[in-house]
Amino acid sequence: MTRPDGGPATATGDRQPSSRGSGAALRRFVEARQVAVFGANERRHHTRMVVEGARAVGFPAESVHLINPRFDTVLGLRCHPDATGLDLRDGVAVIVSAANSVVPAIEQAAAAGCRAAVVLAEGFAGRGEHGEALEQQLRQTARRLDIALLGPNTLGLTAPGFQVSLWTGDGIRRPLRPGAVSLLFQSSGMLNVVLSVASHWRLGVRLALSVGNEGGVELVEALEFAGRDEGTRTVGVYCEAIHDPHRVARALAALAAVGKPVVMLSSGRSDRSRRNALAHAGRLASGGRSWEALCRKAGVILVGDLDEFLETLFIAEYGEHFRHGGAGLVTVSGGDVGLLSDLAAEVGLDLPVPGEALRAKIAEELGAPDTVGNPLDCGGFTRTTIVRSTELLCGDDAVGIVAFRCMQPPVPTEAATTLYTELVDIVRRHGKLPVLMSRTIEPLDASWFELCARLRVPLLMSYRPALLAIRNFLAWSAGRERLVAEPPEFGALPTAVEAPPPGRLVGLADATSVVAGLGIDYVASRTCAGEDDAVDAAEAIGYPVAVKGASSTLAHKSRAGAVYLDVRGGDAIREACRGIARSMLAAGAAVEGFEIQRMLPAGPQLVLGMSVDPVCGRVVLAGRGGVDVEYGAPPLILIPPLGPREAREATEALVATGLLAGVPEADEPAYRAGLTELLAGFCRRVLDLPETVTQIDINPLILASAATVSGVSVSGATVSGASGSGGTVAGGTVSGSSVAGGTVSVDAVAVDAVVVRTP
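A brief look at the structure comes next. Keep in mind the model is a prediction, meaning the values are calculated, not measured.

1. Some words on the packing of aromatic side chains
To describe a pair of aromatic rings, you give the distance between the ring centres and the angle between the ring planes.
Here is step 1: Counting across every chain of the model gives 9 aromatic pairs.
Here is step 2: Ring plane angle 55° and centroid distance 5.5 Å describe the contact between Phe322 and Phe473, whose orientation is recorded as tilted. Separated by 151 residues along the polypeptide, Phe322 in the loop between helix H10 (306-317) and strand E15 (326-331) and Phe473 in helix H16 (residues 463-485) bring together distant segments of the chain.
Here is step 3: When its relative accessible area of 1% is taken as the criterion, Phe473 is described as buried.
Here is step 4: Ring geometry for Phe404 and Tyr420: centres 6.0 Å apart, planes at 25°, overall stacked. One end of the pair, Phe404, is in strand E17 (residues 399-405); the other, Tyr420, is in helix H14 (residues 414-429), with 16 residues separating them in the sequence.
Here is step 5: Residue class for Tyr420 comes out buried when judged on its relative accessible area of 0%.
Here is step 6: Looking at Lys297, its charged tip hangs above the ring of Phe490, at a distance of 5.9 Å from the centre.

If you want it as structure tokens, here you go:
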């Protein structure tokens with residue numbers, strides 16, 4: 001029996017001592033020598049599934065024991081009244097009885113030698129005070145007796161790769177094919193569905209488990225276990241919530257570092273979904289854009305639904321030796337070529353265009369001078385032509401995956417089997433990854449999946465999720481080497497999930513001081529009590545100026561009509577002050593004065609901010625600033641700190657939104673370099689802010705050529721000091737480095753809000 005390879009690791013935040021990062025708790029389940037079903041009965045399917053599952057994976061029948069004082073036999077097998085007299089050393093108790101009988105069952109199991117228990121029952125955390133107390137009692141009992149827990153509120157686990165099955169769900173309709181995919185879920189119902197499909201589609205499963213309420217084994221330990229297990233090459237995760245973000249991030253990054261793709265479907269992206277997570281299992285959901293940013297940083301393949309999840313797992317299972325290249329598509333229908341071309345464009349899958357010489361050879365082979373070459377239309381041609389055309393496409397160095405859909409009768413005929421076998425051999429001989437596709441969820445016989453399992457090739461069941469899966473895998477493969485070369489840092493992540501406390505806005509002087517500490521030069525400005533002071537300040541600063549309302553109760557001034565731009569002359573200043581006062585009063589904000597700022601020359605406008613996320617801690621927001629905040633592309637969410645690669649990729653993502661539109665082409669390299677340095681520096685410095693600072697909104701932050709901005713002497717993207725309200729912040733102005741194409745200075749900033757914790 002194969003055993004996992006697990007080593008020691010340190011971890012924090014464990015809620016059960018036996019589940020520390022070495023994977024010791026989980027090993028007790030996959031290394032089980034005995035299985036005892038407490039509460040065994042025939043009324044529900046749970047007992048039957050344990051018995052049949054054990055038989056399917058080759059677990060000794062004499063090592064499965066049924067226990068229930070109400071029955072002499074269950075499923076034709078002897079049923080014991082209790083565990084007295086049973087030798088259950090190195091065993092696992094599967095407790096299928098109600099919640100109030102779980103603790104006595106665990107005490108019996110421990111006395112008989114069991115070292116682990118699967119608890120199915122609901123009625124624990126998330127079910128009121130009584131349920132919370134019952135789960136606390138369960139955890140304390142397990143800790144006292146040194147019993148590793150899986151659950152409660154779980155259907156268990158199955159481990160074909162270890163010849164152990166403790167799964168009580170009814171989704172597995174035929175024995176699972178042992179393989180290298182580990183499925184780690186926080187929902188038993190979702191896993192039951194996936195196992196049902198996996199059993200039919202012949203996905204190779206190493207381990208599949210649901211952690212339930214995580215009263216013992218948590219999702220993070222399962223991730224760490226999969227990272228150390230030599231038999232696991234691909235991991236599929238369904239995640240609702242996490243307890244220790246820092247440890248989870250490290251586990252995900254460790255999987256990426258050893259070349260194991262993690263395909264994750266995560267809920268909690270909507271308010272309703274987050275409320276469900278709390279009601280379902282008493283947990284704060286981990287979904288949302290910050291969580292997705294954290295997963296991307298760790299190299300996770302994020303998917304949107306179960307179809308995309310399954311298709312991506314299938315291609316990842318067989319992609320262990322894939323190295324590089326795009327997708328080449330082969331079909332026998334002109335209509336398919338059009339549909340595949342549209343879908344590829346919609347999902348963002350790049351199809352390499354064959355060079356003229358190669359396209360001409362393909363056209364000659366097909367006798368079709370107008371062929372696009374990729375997707376390749378072989379419709380109406382002989383088997384020989386299909387094979388030769390596919391071989392020509394495989395000769396394109398830009399193609400790394402060849403996916404084809406040829407004849408597909410309900411049951412694979414001899415001709416279909418011969419054709420697909422030959423095509424798969426050709427693709428592999430050229431060092432490419434072969435993939436079979438179906439147009440949609442067709443009623444294919446199980447023998448199709450058996451054929452693909454023998455050929456070791458994925459059969460993807462519908463064009464859109466198939467192309468999404470190919471895109472996902474290609475993106476992961478392209479980023480794999482970069483992740484190894486520059487492992488992500490997660491030093492700022494919390495070790496527990498908690499909502500940030502309420503805060504309050506701070507005044508301009510404090511806000512500019514905070515911004516100065518972030519290395520950003522605040523525009524010359526003054527805070528004024530009334531109109532006369534505002535006129536004096538404007539004349540001292542020099543026209544034109546911006547006039548803004550000052551209020552500790554108004555975070556976003558522009559939305560409330562409390563910002564006037566390009567104001568010139570004393571009368572215009574007074575009129576602006578009066579208009580701002582009216583707008584602020586209408587918005588219910590306190591009018592505490594006015595801020596006069598020097599107007600800056602036009603330049604790319606950025607919004608840059610920081611907030612505290614319950615799961616990810618301090619996160620940075622960056623996007624197009626000014627009015628584009630409301631109407632432009634959604635801002636990026638960045639998890640600090642950023643490595644050089646991450647900062648460059650963030651810069652390119654911002655440039656792709658049109659941030660540098662209007663910048664002379666010759667100046668773009670300077671802006672890109674300056675923006676990269678700015679993002680890296682800002683993300684580094686927000687980690688050093690006092691814990692009391694919980695939110696920063698800077699909009700707009702204006703990037704401008706140093707040569708065109710009067711009164712600004714800094715170059716480069718970051719500054720360690722700033723001139724603030726009426727004085728100079730300690731640190732002064734520091735020069736940065738020149739970059740090819742010129743220099744860029746951050747002349748910025750309008751601070752919409754700085755929020756600190758309420759004392």
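2. Considering unusual backbone geometry
Here is step 1: In this structure, the amide linkage connecting Gly151 to the following residue, Pro152, adopts the cis form with an omega of 0°.
Here is step 2: With respect to the element layout, Pro152 can be found in the loop between strand E7 (148-150) and strand E8 (157-159).
Here is step 3: With an omega of 0°, the peptide bond between Asn699 and Pro700 qualifies as cis.
Here is step 4: Structurally, Pro700 is set in strand E28 (residues 693-705).
Here is step 5: Residue Asp90 is not a glycine yet carries a positive backbone phi of 60°.
Here is step 6: Relative to the helices and strands, Asp90 is located in the loop between strand E4 (77-80) and strand E5 (91-95).
Here is step 7: Given a relative accessible area of 39%, Asp90 falls into the partly exposed group.
Here is step 8: Here the phi dihedral of Glu214 falls at roughly 60°; this positive angle occurs in a residue that is not glycine.
Here is step 9: Within the secondary structure, Glu214 sits in the loop between strand E11 (204-210) and helix H6 (219-228).

3. Let's talk about the sheet that holds strand E16 (residues 376-377)
Here is step 1: The strand order across the open sheet built from 5 strands is E16-E15-E17-E18-E19, with neighbouring strands paired in parallel fashion. Taken across any chain shown, the strands that pair with only one partner, and hence form the sheet edges, are E16 and strand E19 (459-460).
Here is step 2: Lying over the sheet, helix H13 (residues 383-394) contacts E15, E16 and E17, oriented at roughly 170° with respect to E15.

4. As for the pattern of salt bridges
Here is step 1: All told, the structure shown has 28 salt bridges when counted by the stated rule.
Here is step 2: Arg233 is the salt-bridge partner of Glu320, the closest N and O atoms lying 3.1 Å from each other. Taken together, the residues span a long stretch of sequence, with Glu320 in the loop between H10 and E15 and Arg233 in the loop between H6 and strand E12 (234-239) at a distance of 87 residues.
Here is step 3: What makes Glu320 partly exposed here is its relative accessible area of 39%.
Here is step 4: The salt bridge partner of Arg439 is Asp336, with a shortest N-O separation of 2.8 Å.

5. Overview of the sheet that holds strand E10 (residues 177-185)
Here is step 1: Strands sit in the order E9-E8-E11-E10-E12-E13-E14 across an open sheet of 7 strands; the sheet is mixed. Because the sheet does not close on itself, it has two edges, and the strands there are strand E9 (164-165) and strand E14 (301-303).
Here is step 2: In this structure, E8 lies alongside E11, joined through 2 bridges in antiparallel fashion. Residue pairing across strands places Leu157 opposite Leu209, the latter belonging to E11.

6. Observations regarding the nonpolar core
Here is step 1: Formed by 82 residues in total, the largest nonpolar core has its most connected members in Leu183, Phe309, Phe404, Leu467 and Ile470.
Here is step 2: Of the residues forming this core, the biggest block, 9 residues, is contributed by H16.
Here is step 3: Those residues within four positions of Ile470 in sequence are excluded, and the remaining contacts are Ile315, Ala327, Leu349, Ile401, Ala403 and Leu460.

7. Points about the packing of helix H12 (residues 356-366) against H13
Here is step 1: Interhelical geometry of H12 versus H13 gives an angle of 180° and a closest axis separation of 10 Å. Here H12 is positioned roughly antiparallel relative to H13, judged by the angle of their axes. Contacts between H12 and H13 involve Leu358, Lys361, Ile362, Glu365 and Leu366 from the former and Thr385, Arg388, Ser389, Leu392 and Leu393 from the latter.
Here is step 2: Broken down by class, the residue content of the contact of H12 with H13 amounts to 5 nonpolar, 2 polar and 3 charged.

8. Thoughts on helix H4 (residues 128-145)
Here is step 1: Given a rise of 1.5 Å per residue, 18 residues ought to cover 26 Å, and the 26 Å separating the end C-alpha atoms of H4 matches this to within 8%.
Here is step 2: Of the residues making up H4, those classed as buried are Gly131, Leu134, Glu135, Leu138, Arg139, Thr141 and Ala142. Along the axis of H4, the buried positions cluster into a sector of 165°, meaning they face one direction only. Exposed residues lying more than 90 degrees from the buried face of H4 are Glu129 and Arg144.
Here is step 3: In this structure, the buried side of H4 is in contact with helix H3 (102-112) and E7.
Here is step 4: Asp146 sits one or two positions beyond H4 and adopts a positive phi of about 55°.

9. A few points about the side chain of Asp613
Here is step 1: You can see Asp613 is positioned in strand E25 (residues 605-613).
Here is step 2: Exposure remark for Asp613: the relative accessible area of 19% places this residue in the buried category.
Here is step 3: Reaching out from Asp613, the side chain makes a polar contact with the backbone nitrogen of Val615 at a distance of 2.9 Å.

What counts, and at which threshold
Residues numbered from 1 in each chain as written. Predicted model: local features only at pLDDT ≥ 70, side-chain atom pairs only at ≥ 80, totals over all residues. Heavy atoms only, no water. Phe/Tyr/Trp six-rings, centres within 6.5 Å; stacked < 30°, edge-to-face > 60°. Helix = DSSP H or I, 4+ residues; strand = E, 2+ residues; numbered from the N terminus. Buried < 20%, exposed > 50% of the residue type's maximum accessible area, 1.4 Å probe, protein only. Lys NZ or Arg CZ within 6 Å of the ring centre and 35° of its normal. Pairing = 2+ DSSP bridges. Contact = heavy atoms within 4.5 Å. Axes fitted to C-alpha atoms, helices over the stretch in contact; angles between N-to-C directions. Salt bridge = Lys/Arg side-chain N within 4 Å of Asp/Glu carboxyl O. Core = buried A, V, L, I, M, F, W, Y, C linked by side-chain atoms within 4.5 Å. Parallel < 35°, antiparallel > 145°, perpendicular 65-115°, else oblique. Nonpolar A, V, L, I, M, F, W, Y, C, P; charged D, E, K, R; others polar. Expected span 1.5 Å × (residues − 1). Arc of directions from axis to C-beta. Polar contact = N/O pair within 3.5 Å; in protein donor to acceptor, adjacent residues only side chain to side chain.

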